[in-house]
Each structure stands twice: as structure tokens, then as C-alpha cells.
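Spelled out, the chains give:
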Amino acid sequence: ANPPGTRIDLTDAIRFIQPDDGNVDDLTVISVALDQPVAPGEWIDLDIAFESSLPQIVARTGWELTEDGEVFVMAAQWFPKIGVLEIPGQRYVPSDAPRGEWSTHQFHANSEFYADFGTYDVRLTVPANYIVGASGVLTEESDEETTRTVRYVAEDVHDFAWTASPSFLEVTDTWQHVNLRLLLRPEHRNQADRHLDAAKVGLEYFDKWVGPYPYTTLTLVDGYGGSNGMEYPTLITCGTYYGLPTWMRALELVTIHEFGHQYFYGMLASNEAEEAWLDEGMTSYLESKIMDAAYGEGALVDFPGLPVGSAVQQRMTYTESRPESGALFTKSWEYRSGDYGKASYAKPATLMNSLEGYLGEDRMIAFLRAYYDRWSFRHPTTRDLQDVAEDVAGEDLDWFFDQFVYGTAVVDYEVTEIQTDTESRVVVTRLADGYFPQSLRVTFADGAEEVVSWDGREKERVFTFDSTSPVVDAYVDHERQVLLDVNLVNNRMAIDPPNPFATKVHLKTTSWAQQLLYLIAGIL
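Residues numbered from 1 in each chain as written. Predicted model: local features only at pLDDT ≥ 70, side-chain atom pairs only at ≥ 80, totals over all residues. Heavy atoms only, no water.

1. Let's talk about the nonpolar core
Counting 109 residues, the largest nonpolar core has Phe-160, Val-426 and Leu-440 as its most contacted members. If one sorts the elements of this core by residue count, helix α1 (residues 192–209) sits on top with nine residues. Excluding residues within four positions of it along the chain, Val-426 makes contact with Val-415, Glu-417, Ile-418, Leu-440, Val-442, Arg-461, Val-462, Phe-463, Phe-465, Val-471 and Ala-474. In this structure, Ala-76, Phe-168, Tyr-224 and Leu-235 belong to the second largest nonpolar core, which totals 14 residues. (Core = buried A, V, L, I, M, F, W, Y, C linked by side-chain atoms within 4.5 Å. Buried < 20%, exposed > 50% of the residue type's maximum accessible area, 1.4 Å probe, protein only. Helix = DSSP H or I, 4+ residues; strand = E, 2+ residues; numbered from the N terminus. Contact = heavy atoms within 4.5 Å.)

2. Side note on the pairing of strand β9 (residues 137–143)
Two elements, β9 and strand β10 (residues 147–157), share six bridges in a ladder whose sense is antiparallel. Residue pairing in the sheet places Glu-140 in a bridge with Arg-151 of β10. (Pairing = 2+ DSSP bridges.)

3. Side note on the environment of Glu-479
Counting through the fold element by element, Glu-479 comes out in the loop between β24 (471–476) and β25 (492–494). Residue class for Glu-479 comes out exposed when judged on its relative accessible area of 52%. Note: C-alpha distance between Glu-479 and Asn-2 (477 residues apart in sequence) is 70 Å. Within the structure, the side chain of Glu-479 is placed 3.3 Å from the side chain of Gln-481, a separation counted as a polar contact. (Polar contact = N/O pair within 3.5 Å; in protein donor to acceptor, adjacent residues only side chain to side chain.)

4. Observations concerning the confidence of the model for the chain
Looking at the chain, pLDDT values average 93 and 94% of them are 70 or higher. Low pLDDT (under 50) marks residues 506–511, which in the prediction has one contact with non-local residues, meaning those over four places away or in another chain. (pLDDT = per-residue confidence, 0-100.)

5. Some thoughts on empty space enclosed by the protein
Evaluated as defined, the whole model comprises two cavities of 30 Å³ or more. Of the volumes computed, that of the largest cavity is approximately 60 Å³. Lining the largest cavity we find Arg-60, Gln-77, Lys-81, Glu-112, Phe-113, Asp-159, Met-230, Glu-231, Tyr-232, Tyr-265 and Glu-272. Considering each element in turn, the lining of the largest cavity owes the most residues, three residues, to strand β15 (residues 230–232). Across the lining of the largest cavity, the residue classes break down as four nonpolar, one polar and six charged. For the second largest cavity, the full set of lining residues is Thr-66, Phe-72, Ser-165, Ser-167, Phe-168, Arg-185, Pro-186, Asp-222 and Tyr-224. A class-by-class count of the residues in the lining of the second largest cavity yields four nonpolar, three polar and two charged. (1 Å grid on protein atoms, 1.4 Å probe; cavity = no way out; pocket = protein on both sides within 12 Å on 5 of 7 lines; lining within 4 Å. Points joined across faces, edges and corners; volume = space filled by probe spheres on them. Nonpolar A, V, L, I, M, F, W, Y, C, P; charged D, E, K, R; others polar.)

6. Observations concerning the packing of helix α3 (residues 280–295) against helix α6 (residues 361–375)
Running from N to C, α3 and α6 point in directions that differ by 135 degrees, and their axes come no closer than 14 Å. Accordingly, the angle class assigned to the pair α3 and α6 is oblique. Seen along the crossing, α3 lies across α6 with a hand that is left-handed. Seen from α3, the contacting residues are Met-282, Tyr-285, Leu-286 and Lys-289; seen from α6, they are Glu-361, Met-364, Ile-365 and Leu-368. Here the contact of α3 with α6 is built from residues that sort into six nonpolar, no polar and two charged. (Axes fitted to C-alpha atoms, helices over the stretch in contact; angles between N-to-C directions. Parallel < 35°, antiparallel > 145°, perpendicular 65-115°, else oblique. Left-handed = near helix turned anticlockwise from the far one by under 90°.)

7. Examining the sheet that holds strand β22 (residues 449–454)
The sheet built from four strands is open, its strands ordered β22-β21-β24-β25 with antiparallel pairing. Each having just a single partner strand, β22 and β25 make up the two edges of the open sheet. On average, each strand axis in the sheet is tilted by 15 degrees relative to the strand beside it, whichever way the strands run.

8. Observations regarding the sheet that holds strand β8 (residues 131–134)
The four strands are arranged β3-β4-β11-β8 in an open sheet whose pairing can be described as antiparallel. Edge positions in the sheet fall to β3 (62–65) and β8, since each has one partner strand and no second. With strand direction ignored, the average angle separating the axes of adjacent strands in the sheet is 10 degrees. Sheet topology places strand β4 (residues 71–75) next to strand β11 (residues 162–165); three bridges connect them, and they run antiparallel. Residue pairing in the sheet places Val-73 in a bridge with Ala-164 of β11.

9. Examining the packing of aromatic side chains
This structure, assessed with the given rule, holds 34 aromatic pairs. Judged by centre distance (5.9 Å) and plane angle (70 degrees), the rings of Phe-259 and Tyr-263 are edge-to-face. Here the residue Phe-259 and the residue Tyr-263 both occupy positions in helix α2 (residues 250–267), the gap between them amounting to four residues, near one helical turn. According to the relative accessible area criterion, Tyr-263 is buried, its value standing at 0%. (Phe/Tyr/Trp six-rings, centres within 6.5 Å; stacked < 30°, edge-to-face > 60°.)

10. Observations regarding α2
Structurally, the α-helix is built with 3.6 residues per turn, so residues lying three or four positions apart point the same way. Helix length check: α2, at 18 residues, gives a terminal C-alpha distance of 25 Å against a target of 26 Å (1.5 Å per residue), a fit within 8%. By the largest-angle criterion, His-261 marks the main kink of α2, which is about 35 degrees. (Expected span 1.5 Å × (residues − 1). Bend = angle between axes of the 7 residues up to and from the residue.)

Spelled out as C-alpha cells, the structure:
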């Protein structure tokens, strides 16, 4: 054994490995063999010397020239990350396994990141006129003739990011115990309140529906290009457009979404490389729920006469992008082209909105709070999330998770027939491979209504009604709770067709709305 305090240079032990696909040209992961094992109860100090050269911004990280010719820096994923040693019983390592397993993945085009929790104590030296924002809490600051050094400490986080620019307009505010700091591009100064108000909306609703935000700081960065729309512990990049109208809430959506990552990416910290939906998808669901609750029917687009909600936009993105492909429970690098985005964002958001329709809002919120209480700072899995959902729901949810998380089932119900001879009969057909508990509302000629429910499993279900008044209208899922249904147009049938002119106007309006939603999806 080496004497205590011995320093050993392990540079020659560095080896590039490719644990996911064996691509020898992939140099994103290294393995370093120690000169001797670390026995149970022992510990070592590991010093890693590295040099990072930031690119001009393409995605997430880098530098960019501002409008006034200064340099904006967004430093993310800028230091070597340590792989996560998952011990027996943690995540998918069997509890009776003889040893833990390393979870270390290559940097894939689709993949996000996964790391363990720790404390970051970081000193940054920048030119004297630069304003710095970073994860954690500013604990020291000193100025020299030409430079400024700041020290940030971030505790119980699994990543650290920072930004710097002499062009930032700094705006501060508070929400309960949280100090809010907005670093804004000067040309967007008129949107400062929108950023801060959206952050407060996110804080308020997550506190109410999921759990408390335990940190004392939150920094919002109005960055450039691909650096926007990203999340890091206690620091998010938002982004906006000059002159963004107040009736289009893209700014609010991105801010609330990125703040939501403080929970699913930050505190719950699932393995996004392997189960991206647990972060991006759950965050997208809460984003849509919060947007619609906070801003109403026109949460995303409050255009006169054509309001667009956030959950509606998520559903549209899912249904228009090969809904039959891409299981949520898939390693990020194993998705076919185009499936990763849908299966990580829009599909799980639509899935969870549908689960809420089935469980009801009270049980859904109880599930979210229990999930946070049990698994924050513990790296939960899909299996863990399902266990919590079943505990709170008080029922087996295999039918739900097997179809829509582990499988690629699609939901589509159609009212195919109304007969009014001797008795009223309504025929409902399940057109796709997926099933979901359903309700059917029928309206009789005398104005009376009746709602019946069934488990939705049969390929065809015939409902009979002994009312003396015939059925004139039948509507499956009339409360629009099963957003997974890929075609809502065929959910309803009426004996007397509506006014032809009104139908024509409706169809044209629907077509216009679809095109607007596609445009919004592209922008976001």
C-alpha cells in the first residue's frame, strides 16, 4: 500500500473506452485504472488537471459576440465529469449483486447527462468589467486592476455552470426564500418583468404541486443562440425574441420549463442518458399543466378568437410525429431518427396529462408530491415512478405503463354508428392497438343526456339505451381527458349534421390552427 499522502501520476493509465457502441473513434469517455484498489471504508483524493477550449456557440456551451461587440460566455459541460458508481440496490443494480456498476455513457447526439451529487467550490477569474452568474451562492468577490475573481459554492447539486459578459443588464427580485437574478441582454430590457414573473409562476406551482425548492438562489440568463433553453443547478438559460408580443408566451413557456428541470433533472436526477423521459417528459407535463393553470385557455397563444393551450400544443406535436413509434423506455442513443424528441417531450407530456384525466387532479398531485418526497436526491427509475403512482392510486397501473411507457400503443376511438329503430344503439370502435378507459356521453332528442363508462378494451362496443326519446348525439371522451387519442374528430357523431356553413368555417379555422401550432412547435 502507498503511504498516506502519496501523490501518484496516473496520466499513463488513461484509456479511451466506448461502453455503449464500441466505436473506437469516440473519444468522449476515459477510464483510469488506479495503481491499487480502494478498499471498503478507505478514500482517496483525486486531482484532475484539464484544459477546456470553448467553441463558438452551437449548442449549450461556448462564446458569442454581443450586439455591442463584447463577448458572451456560457460555460456548460466544461469540466470532466465523474461516472456514477451505482451500488447494489440502486437503480437497476440488483440488491444482491456482489458489487456496484459504473454508469458512464458516451456523449451521443441525443443524450443528456447524468452525474452524482456533491459540493462545488469554484473560483472564476474574468476581466474586471464582466458580470458573472453561476450555480450556487456567491460567497466572495475581489477586484484587481484588470480582473475580477468570484467564488461560488453550490451544495447538493450534480453539475455546475457559469456565464459571463460585460453586456448583461442585471435585474434582481425575490420569491419567498429565493433570490432571483436575471442577466438580460440590453435589447430585451422591456421583457425583464416577463422573465421574473414566469420564474415566480414556476416556483409557486412547483412548490404547491411537487415540493419545496430547497435552494436560495435562481439565476435566469438571456443568452445567445443554442445556449438558450437549457438547465443547470440553480441556473437556467431562457431566451426570447425582440418584440415578442405578449399574446405569444414562448418566453414564459421556456422559463417555466427550464425551471422545472431544477426538480426532475436537478433534485430527482434520473439517468437522462438511459431514461430521458423521466426528466424532459415529466418537466414538459408540468410545464403544460402550469402554463394552462396560470394563463388560462390561451396559455401559449392568446390570439383573439383562437386561443392555444400548452397541453394542446404538446398533444399536437405528439400526434403529428409518428405516434406509433418510439417507446419512452429506450436508451437515448437507441432511438430512430426523430423519435428521441417526441418520446422525451411531447409524448410523455400527453401521456401524463391523460393519466391525470384518469386519476383526477387530486390523486395526480398526491402522486407528484410523493414521488418528490421519496426520491429527491436519489436517482429514481421508471420502475420507481410507477411504484409511487400505484401506491397513491391504490391500483395496478401495468395496463398504462406496459402500453405507453414500455410499449408504443396508440389510442384512437371512433363513434361509428347510431341506430334509432326500435331502440337506440351506439357503436364505438377502437381503431388502434392501444386501449384506455373511456366515457361516452349520449344526448337524446328531448335534450336529456346520459354518460356511460367502460374499460375501452373491446375492439367494438355496442351501447343500448331504452329511452323513449332517440339518441341524436354520441360523444366519446366528451371532457377531452384522454389526450393520447390521436384523432379527436371521429370521437363524435350526430344524427342531424350541423349547419353546412358553420362546418365549413370550423374546418377552415381548424386547418389554420394546426398550421399555427406547427409554427409554434418549430419556434419552441
